[in-house]
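The residues making up each chain are set out below.
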Amino acid sequence: MTVKGIFTALVLWAASLTAHAAVTESTFPVNLVGSADSSFSAGISRNITAAGLFTDTYTFASLAAGWYSVSAVLSTRATLDSVNIDFYSISLNGVAFNLRKTPQGTFADGFELGTLPQQKFEGPLVMVVTGRAGGALADGSAIGAGYSGTINILPAPVPEPSAALLMLTGLGAVGFMARRRRRQ
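Along every chain, residues carry numbers that run from 1 in the direction the sequence is written. Residue-level local features of this predicted model are given only where pLDDT is at least 70; pairs of side-chain atoms are given and counted only at 80 or more, and the full residue set underlies all totals for whole chains, interfaces and linings. For the side-chain quantities, the full set of heavy atoms in the structure was used; hydrogens and water were omitted.

Undergrad: Looking at this structure, how should I read the overall build of the protein chain?
TA: Only runs of H or I of at least four residues qualify as helices and only runs of E of at least two qualify as strands under DSSP, and these elements are numbered from the N terminus. The secondary structure content of the protein chain amounts to two helices and eleven strands. Exposure classes here rest on a 1.4 Å probe applied to the protein chains alone. A residue is buried below 20% of its type maximum, exposed above 50%, and partly exposed in between. Burial status across the protein chain gives 32% buried among its 184 residues. Only heavy atoms matter for contacts: two residues are in contact if any of them lie within 4.5 Å across the pair. Put simply, 79% of the contacts in the protein chain that link residues at least 6 apart link residues at least 24 apart. When the accessible surface of the protein chain is summed, it comes to about 11500 Å², and 62% of that surface belongs to carbon and sulfur atoms. Values of accessible area rely on a 1.4 Å probe in the Shrake-Rupley scheme; residue burial ignores everything except the protein chains shown.

Here's what the structure looks like:
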C-alpha cells in the first residue's frame, strides 16, 4: 500500500469516528385537560417508527403566565431492539427528570422511567425528551418503539395575607437586631 493510500484510509477512518447520525427533531403542542379544582393534566404518548436519535419538544402554550406546581412521569418498556427506546435526558424548563433503568429479562435497560417530583415552575412550560430509538439497530431501520406518561399541573398556591405579614414582621425583627448589634 502506498503512502497516499494509507493517508486516504486514515482520513476516512477519522471521518467515520466524527460522523454523527442525524437527529430527528419533533415539536408537539400538548392539550391540557382542566378539572374543577383548577388543576390540569395531560397524557403524553409518542410512537417512533425509524431507529435513530431523537429530540422531542412538548409545549404547554395554553397555560397562562404564572407559577405552577408540576409533577410528571414518562416510561418505556422493551425486550427487543425493535421496540427499544433509551432516554438520554428529559427536562422541564431545563430541570432534569430522575432517570432509572431496570432490566427486563436479558435486556439490560428494558424498563426506563423518568420522574419529576412535584416542584414549582414559572410558565410557559416546555418539556424536552432526547434519546435513541431502536437500540443497536442501524439508523433508519423500521421499528415500533414508543414511550408514554402523564404530567400534572396545579396553580402554585398564593400565600395568605397573614402569612406574608408574618414573614415581613420576621424580616423586620432580623433587620432590627442586626442594626442594634452593629451599634454596640
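Undergrad: Please clarify how the pattern of salt bridges should be interpreted in this entry.
TA: Two side chains with opposite charge may pair up if their charged atoms get near one another. One speaks of a salt bridge when a side-chain nitrogen belonging to Lys or Arg is within 4 Å of a carboxyl oxygen belonging to Asp or Glu. Evaluation of the coordinates by the stated rule reveals three salt bridges. Across the pair Arg46 and Asp56 runs a salt bridge, and its minimum N-O distance is 2.9 Å. Of this pair, Arg46 sits in strand S3 (residues 40-50) while Asp56 sits in strand S4 (residues 52-60), placing them ten residues apart in sequence. Relative accessible area serves as the criterion here: at 0%, Asp56 is assigned to the buried category. Ionic pairing is found between Asp139 and Arg132, a salt bridge with its closest N-O pair at 2.7 Å.

Undergrad: Could you clarify how one ought to interpret the pairing of strand S6 (residues 85-92) in this entry?
TA: Each regular strand shows side chains that alternate between the opposite faces of the sheet. Most of S6 is tucked away, with six of its eight residues classed as buried. Each pair of strands is called paired provided DSSP finds at least two bridges between the two strands. Two strands pair when backbone bridges link them, and S6 and strand S10 (residues 125-133) are joined in this way by seven bridges, in the antiparallel orientation. Its bridge partner being in S10, Ile85 is matched across the sheet by Ala133. Where S6 meets strand S7 (residues 95-96), two bridges bridge the pair, whose relative direction is antiparallel. Bridge pairing in S7 links Leu92 to Val95. The loop that links S6 with its antiparallel partner S7 comprises two residues; one of these, Asn93, has a positive phi angle of about 50°.

Undergrad: What's the story with the packing of aromatic side chains in this structure? I'm lost.
TA: Both the distance between ring centres and the angle between the ring planes are used here to describe each pair of aromatic rings. Geometry of aromatic contacts follows a simple scheme: Phe, Tyr and Trp rings, the Trp one being its six-membered ring, pair when their centres are within 6.5 Å, and the pair is stacked under 30 degrees between planes, edge-to-face over 60, tilted otherwise. Under the defined criterion, the tally for this structure stands at three aromatic pairs. Seen from their ring centres, Phe28 and Tyr58 are 5.3 Å apart, and the 25° between their planes marks the pair as stacked. With Phe28 in strand S1 (residues 23-29) and Tyr58 in strand S4, this residue pair connects regions lying 30 residues apart in the sequence. Ring centres 5.5 Å apart and planes at 75° place the aromatic pair Phe87 and Tyr147 in the edge-to-face group. Of this pair, Phe87 sits in strand S6 while Tyr147 sits in strand S11 (residues 142-155); the two residues are 60 residues apart in sequence, bridging distant segments of the chain. For the pair Phe87 and Tyr147, one class covers both residues: buried. Taken together, the aromatic side chains of Phe54, Phe87 and Tyr147 make up a single cluster linked through ring pairs.

Undergrad: Any chance you could explain the environment of Gly105 here in plain terms?
TA: Topologically, Gly105 is positioned in the loop between strand S8 (98-104) and strand S9 (107-122). Relative accessible area serves as the criterion here: at 75%, Gly105 is assigned to the exposed category. Spatially, the C-alpha atom of Gly105 lies 9.7 Å from that of Ala78, the residues being 27 residues apart in sequence.

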